[in-house]
Amino acid sequence: MKRWDEKPYYSLNYYLKHTFHKKIYRVALDAGMTCPNRDGTVGTGGCIFCSAGGSGEFAGDRNRSITEQIDRGIIGLTKFHAQGFIAYFQAFTNTYAPVEYLRSVFFEAANHPLVVAISIATRPDCLPDETVELLRQLNRKKPVWVELGLQTIHEKTARYIRRGYPLMCFEDGVIRLREAGIPVIVHTILGLPGESREDILATVKYLNGQDIQGVKLQLLHVLEGTDLAEDYKNGLFSVLTCQEYVDLVADCIANLSDRIVIHRLTGDGPQKLLLAPLWSTSKMQVLNQIHHKLKESGIWQGKALETSCLQCASPR
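Here's a quick rundown of the structure. (Residues numbered from 1 in each chain as written. Predicted model: local features only at pLDDT ≥ 70, side-chain atom pairs only at ≥ 80, totals over all residues. Heavy atoms only, no water.)

**Thoughts on the packing of helix H4 (residues 129-141) against helix H6 (residues 167-179)**
Stage number 1. The geometry of H4 relative to H6 is characterised by a closest axis approach of 9 Å and an angle of 40 degrees between their N-to-C directions. Considering the angle they form, H4 stands oblique to H6. Of the two possible hands of crossing, H4 and H6 adopt the one that is right-handed. Contacts between H4 and H6 involve Asp129, Val132, Leu135 and Arg136 from the first element and Arg176, Leu177 and Glu179 from the second. (Axes fitted to C-alpha atoms, helices over the stretch in contact; angles between N-to-C directions. Helix = DSSP H or I, 4+ residues; strand = E, 2+ residues; numbered from the N terminus. Parallel < 35°, antiparallel > 145°, perpendicular 65-115°, else oblique. Left-handed = near helix turned anticlockwise from the far one by under 90°. Contact = heavy atoms within 4.5 Å.)

Here is the structure:
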């Protein structure tokens, strides 16, 4: 069993500590973009779970410059004694703009003296060649990560959530980003309506075979004002209990390659919008339960893969 500073998985904190050798925090930014799934290019309602803020409820004020947003974010994090910051372009689709505009906002962030890396959340269908080339150039100045919202590999679920692109588009995006030397972090959602434990683990196992460097395991949140909320209120699906989620995360960790950094084990839903599950507001308690489950069950990242390899190698 591998140990990552006494955690049984390859955490983002461990990666940051051993990459930058100082305490790093993330500052969430809003660069004033929208999404092709909102403006009519792909769709108009956005993904079924996405609120009006486009996953940017915790981001900065889009009416302020990128530098101002970073500075204000740093002030809010002073109590954590951070020594460096990741500029996280979070709200909406952050490569969905003309390349010259992207150049201006990305390099503005990279030029901030306390920013050590740039993280850009986007869609794989919003990565034209000129944008990938820009990211390659940006990566020479400061490390760049691109976060892709895959959520699931299952096309039936993808249609339900109105993701708006096929799996092959995701695969193409990963290949082109990696050819440009850009690390890729993938967002997955656990607890999507209609998906079984086996379906979710199939997504995790699929990611093991992709050239990705990180993953976010995100709990499905039902937010007021979304189409998902209407389906929930109409009794079309139920959300995971806390114990079901803890058990599921443990299974995902056991089945995830230990070369992949785990950036998130759960998620924050804005409390003013959160309809369900309400237990998720106690984030630290959820994390503590996950860690307890891993310890109690003797689970570490990749354990199921190691067991499978041993069984394949054993004489019959």
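**A short note on the environment of Leu77**
Stage number 1. Relative to the elements of secondary structure, Leu77 occurs in the loop between helix H2 (66-76) and strand E2 (84-89).
Stage number 2. According to the relative accessible area criterion, Leu77 is buried, its value standing at 16%.
Stage number 3. Distance from Leu77 to Val27, taken between C-alpha atoms, is 8.6 Å for residues 50 residues apart in sequence.
Stage number 4. Apart from the residues lying within four places of it in its own chain, the contact partners of Leu77 are Tyr25, Arg26, Val27, Ala82 and Phe85. (Buried < 20%, exposed > 50% of the residue type's maximum accessible area, 1.4 Å probe, protein only.)

**Some details on the sheet that holds strand E6 (residues 214-219)**
Stage number 1. Spatially, the 7 strands line up as an open sheet ordered E1-E2-E3-E4-E5-E6-E8, and their pairing is parallel. Of all the strands in the sheet, just strand E1 (24-29) and strand E8 (261-264) have a single pairing partner and so form its edges. Averaged over all neighbouring strand pairs, the angle between strand axes comes to 25 degrees, with direction disregarded.
Stage number 2. Alignment of E1 against E2, held across 6 bridges, turns out to be parallel. (Pairing = 2+ DSSP bridges.)

**Structural notes on the nonpolar core**
Stage number 1. Core analysis: the largest hydrophobic core is formed by 68 residues, its most contacted members being Phe89, Ile118 and Phe170.
Stage number 2. Looking at this core, the element that brings in the most residues is helix H9 (residues 242-254), giving 9 residues.
Stage number 3. Setting aside residues up to four positions removed in sequence, Ile118 forms contacts with Ala87, Phe89, Phe106, Ala109, Ala110, Leu138, Lys142, Pro143, Val144 and Trp145.
Stage number 4. Counting residues in hydrophobic clusters, the runner-up holds 14 residues, among them Phe49, Ile161, Leu220 and Leu228. (Core = buried A, V, L, I, M, F, W, Y, C linked by side-chain atoms within 4.5 Å.)

**Comments concerning the packing of aromatic side chains**
Stage number 1. Tallying each qualifying case throughout the model produces 8 aromatic pairs.
Stage number 2. With a centroid separation of 6.1 Å and 65 degrees between ring planes, the pair formed by Tyr15 and Trp145 is classed as edge-to-face. One end of the pair, Tyr15, is in helix H1 (residues 12-20); the other, Trp145, is in strand E4 (residues 144-151), and 130 residues separate them in sequence.
Stage number 3. Through a chain of ring-to-ring contacts, three or more aromatic side chains come together here, namely Trp4, Tyr10 and Tyr14.
Stage number 4. One Lys or Arg, Arg163, reaches over the ring of Tyr165 and ends 4.5 Å from the middle of that ring. (Phe/Tyr/Trp six-rings, centres within 6.5 Å; stacked < 30°, edge-to-face > 60°. Lys NZ or Arg CZ within 6 Å of the ring centre and 35° of its normal.)

**Quick word on unusual backbone geometry**
Stage number 1. Each neighbour pair has its own omega, and for Ala276 with Pro277 the value is -10 degrees, a cis peptide bond.
Stage number 2. Tracing the backbone shows Pro277 in the loop between strand E9 (274-276) and helix H10 (283-297).
Stage number 3. At Gln151, a position not held by glycine, the phi torsion is positive, near 75 degrees.
Stage number 4. Along the polypeptide, Gln151 turns up in strand E4.
Stage number 5. Judged by its relative accessible area of 12%, Gln151 falls in the buried class.

**Quick notes on the state of the cysteines**
Stage number 1. A complete count under the given rule lists 0 disulfides for this structure.
Stage number 2. Not part of a disulfide, Cys35 finds its nearest cysteine sulfur in Cys47, a span of 6.5 Å.
Stage number 3. Judged by relative accessible area, Cys35 falls into the buried class, the value being 9%.
Stage number 4. In this structure Cys242 is a free cysteine whose sulfur lies 15 Å from that of Cys252, the closest cysteine sulfur available. (Disulfide = S-S within 2.5 Å.)

**Considerations on the environment of Asn288**
Stage number 1. With respect to the helices and strands, the residue Asn288 is situated in helix H10.
Stage number 2. With 42 residues separating them along the chain, Asn288 and Val246 place their C-alpha atoms 9.7 Å apart.

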